[in-house]
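An overview of the molecular structure
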Amino acid sequence: MAIAVTSRPVKAKKDADKNKAELVAELDYIRKYNSRLKSVISRYERVADKKDVYRDLYHLEAQKENMESLRDELREKQKEVNVKGEELDVLDEELRVQLSELNTRDEEIAKIYKALQDSARELDEANRQKNDILESISDCFYALDRDLRFIYMNKAAEEIWGLSRDDLIGRRIEDVFAGRIDISLSKFHQVLEEQIPQHYEVYSKVIQRWGDMSVYPTRDGISVYFHDTTERRRAEEALQES
């Protein structure tokens, strides 16, 4: 009996040691498994981090390419802007030259205009003086156009004919003095055709007096000057009779 009791504790101890060894082995396995698992997890984490980095790098590369593309576009746009700027500079220079020419022309036009105004004033003054002279002379003077219509007559002509210039301007002389100026009409047409002055003495049936006629071609027709010679002829006739 004593031998049997002694053997059971020994067996129990062996079983306990065996179980302990198995537990130690299992714990060691678990530690190694955990260590390997941590290693795998760490590796995956590093891989995941690298993927994020690669993804960021990819985005950065894409942005870099976009930036390069934008730079290229900006370079092209800058070239276009430079070309346009050069064209604008050329146009600006042309406009400046044209403006200078216009200013010069304006100055020339202003000078010409002033000269024309001065000439117009001088012409007006000359016409006024001429009219004053023609109105002041005692001889008959009048102007006719190419159709022999009155375009001017002085005060002496109004007085000699007893007619107003307002009634005669624009009318044909052959209608006003129909059948009474045949000789002068012939001379008038001759001057218009030949453009050569004519001087002759005629007896005017209109005023019943003798006179020296001078007919001159003008740009618009003819001008006629009549100087009364009646008193001179009477004196000459009286001298002859005596």
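Quick caveat, the model's predicted, so the values are computed rather than measured.

What the 5 strands build is an open sheet, ordered β2-β1-β5-β4-β3; its pairing is antiparallel. Each edge of the open sheet is held by one strand with a lone partner, namely β2 (150-153) and β3 (198-204). Put simply, the sheet's adjacent strands are angled 25° from each other on average, direction ignored. Note that strand β4 (residues 209-217) and strand β5 (residues 221-228) share 7 bridges and pair antiparallel. By the bridge assignment for β5, methionine 213 is matched with phenylalanine 226. Helix-sheet contacts for helix α5 (residues 182-194) involve β1 (140-145), β3, β4 and β5, and the interaxial angle to β3 is about 165°. Contacts from helix α6 (residues 230-241) reach β3, β4 and β5 within the one sheet, and its direction differs from that of β4 by about 130°.

With respect to the helices and strands, methionine 153 occurs in strand β2. Residue classification places methionine 153 among the buried residues on the basis of a relative accessible area of 1%. For methionine 153 and asparagine 131, which are 22 residues apart along the polypeptide, the C-alpha to C-alpha distance reads 10.0 Å. Look past the residues within four positions of methionine 153 in its chain and what remains in contact with it is Glu135, Phe141, Tyr142, Glu158, Trp161, Leu163, Arg165 and Leu168.

The next subject is the pairing of β1. Counting buried positions along β1 yields 6 of 6 residues, so the element is predominantly enclosed. Burial along β1 is two-sided: the residues Cys140, Tyr142 and Leu144 and Phe141, Ala143 and Asp145 are all buried. Relative to β5, β1 is paired through 6 bridges, and the arrangement is antiparallel. Paired with alanine 143 across the strands is serine 223, a residue of β5. As paired strands, β1 and β2 are joined by 3 bridges and run antiparallel to one another. From the neighbouring strand, tyrosine 142 faces β2, where its bridge partner is methionine 153. Between β1 and β2, which follow one another and run antiparallel, lie 4 residues, and leucine 148 among them has a positive phi close to 60°.

Here we take up the nonpolar core. Among the nonpolar cores identified, the biggest contains 26 residues, and Tyr142, Phe150, Trp161, Ile173, Phe188 and Ile222 are the most heavily contacted of them. Of all the secondary-structure elements, those providing two or more residues to this core are β1, β2, α2 (155-161), α4 (173-176), α5, β3, β4 and β5. The element contributing the most residues to this core is α5, with 4 residues. Not counting chain neighbours up to four residues away, the residues in contact with tryptophan 161 comprise Cys140, Tyr142, Phe150, Met153, Leu168, Phe177, Val206 and Ile207.

Attention shifts here to α5. In a regular helix each residue adds 1.5 Å, so 13 residues correspond to 18 Å; α5 covers 18 Å between its end C-alpha atoms and thus fits that length. By the burial criterion, the buried members of α5 are Ser184, Leu185, Phe188, Val191 and Leu192. Down the axis of α5, the buried side of the element spans an arc of 125°, and every buried residue falls inside it. Opposite its buried face, α5 presents the exposed residues Asp182, Ile183 and Glu193, each directed more than 90 degrees away. Looking at the buried side of α5, the elements it contacts are β1, α4, β3, β4 and β5. A positive backbone phi angle near 55° is found at glutamine 195, which sits one or two residues after α5.

The phi dihedral of glutamine 195 falls on the positive side, at around 55°, and the residue is not glycine. For glutamine 208, which is not glycine, the phi torsion reads 60° and is therefore positive. Within the fold, glutamine 208 resides in the loop between β3 and β4.

Scoring rules and cut-offs
Residues numbered from 1 in each chain as written. Predicted model: local features only at pLDDT ≥ 70, side-chain atom pairs only at ≥ 80, totals over all residues. Heavy atoms only, no water. Pairing = 2+ DSSP bridges. Helix = DSSP H or I, 4+ residues; strand = E, 2+ residues; numbered from the N terminus. Axes fitted to C-alpha atoms, helices over the stretch in contact; angles between N-to-C directions. Contact = heavy atoms within 4.5 Å. Buried < 20%, exposed > 50% of the residue type's maximum accessible area, 1.4 Å probe, protein only. Core = buried A, V, L, I, M, F, W, Y, C linked by side-chain atoms within 4.5 Å. Expected span 1.5 Å × (residues − 1). Arc of directions from axis to C-beta.

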